[in-house]
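Listed below are the residues making up each chain.
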Amino acid sequence: MEEVVVVTPGEVLGKATQVRAGRGAYVAPHNNLVYASLTGLRRTLSPPPNSPDQRPTVEVTGHKAHGAVPQPGSLVIARVTRVTTRMASADIMCVGPKSVREKFTGIIRQQDVRATEIDKVDMHLSYRPGDVVKALVLSLGDARAYYLSTAKNELGVVSAESTAGATMVPISWAEMQCPLTGQIEQRKVAKVGG
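Everything in this summary refers to the structure shown in the same document. (Residues numbered from 1 in each chain as written. Predicted model: local features only at pLDDT ≥ 70, side-chain atom pairs only at ≥ 80, totals over all residues. Heavy atoms only, no water.)

1. Topic: the pattern of salt bridges
Working step 1: Tallied over the full model, the rule gives 10 salt bridges.
Working step 2: With a shortest N-O distance of 4.0 Å, R114 and E117 are connected by a salt bridge.
Working step 3: Residue class for R114 comes out buried when judged on its relative accessible area of 18%.
Working step 4: One salt bridge in this structure joins R187 and D131, with 2.6 Å as the shortest N-O distance. One end of the pair, R187, is in the segment after β16 (184-186); the other, D131, is in the loop between β10 (98-109) and β11 (132-139), with 56 residues separating them in the sequence. Neither R187 nor D131 differs from the other in exposure class; each is buried.
Working step 5: The network of salt bridges with shared partners includes R128, D131, E185 and R187. (Salt bridge = Lys/Arg side-chain N within 4 Å of Asp/Glu carboxyl O. Buried < 20%, exposed > 50% of the residue type's maximum accessible area, 1.4 Å probe, protein only. Helix = DSSP H or I, 4+ residues; strand = E, 2+ residues; numbered from the N terminus.)

So, in structure tokens, the structure goes:
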């Protein structure tokens, strides 16, 4: 029979004379007590019947409540939510290959759109709300948002919808075209593939 309880770091799980420390637990040598080393579920596992040590093993398995979290230097996929003359706001959807479970907001500042001619960047010709961008996390930014950059060839808009509702096709590093109407719209396009 297995007993499951939520514990926090430093919580006493038992005496080392009565239980063995498993994953997420440790024995303190000064008092011979077994403590939890992380927050999670405490599980007491019965020893195998043929084991010479008949003490049950106590372990703590971390709860998987939080998903991926953006870190400086990580690549993210984000959806642009708002564009102003000085910056674009975006909701971060993925960090690397992993999707996020919480809401993280990113800001692409005018100086972080591209590597060249940063003083001539027009935010409204680089991004539109709804665009999906691949960006690099520069820093944690302020309390509200991460600072993101698209100032590399492989970073920028990876998917955009035209006014006609079709997924646009990139035709250059600065333009995307609607396959239905043939209308060309300006974007900071990511170079995808070889």
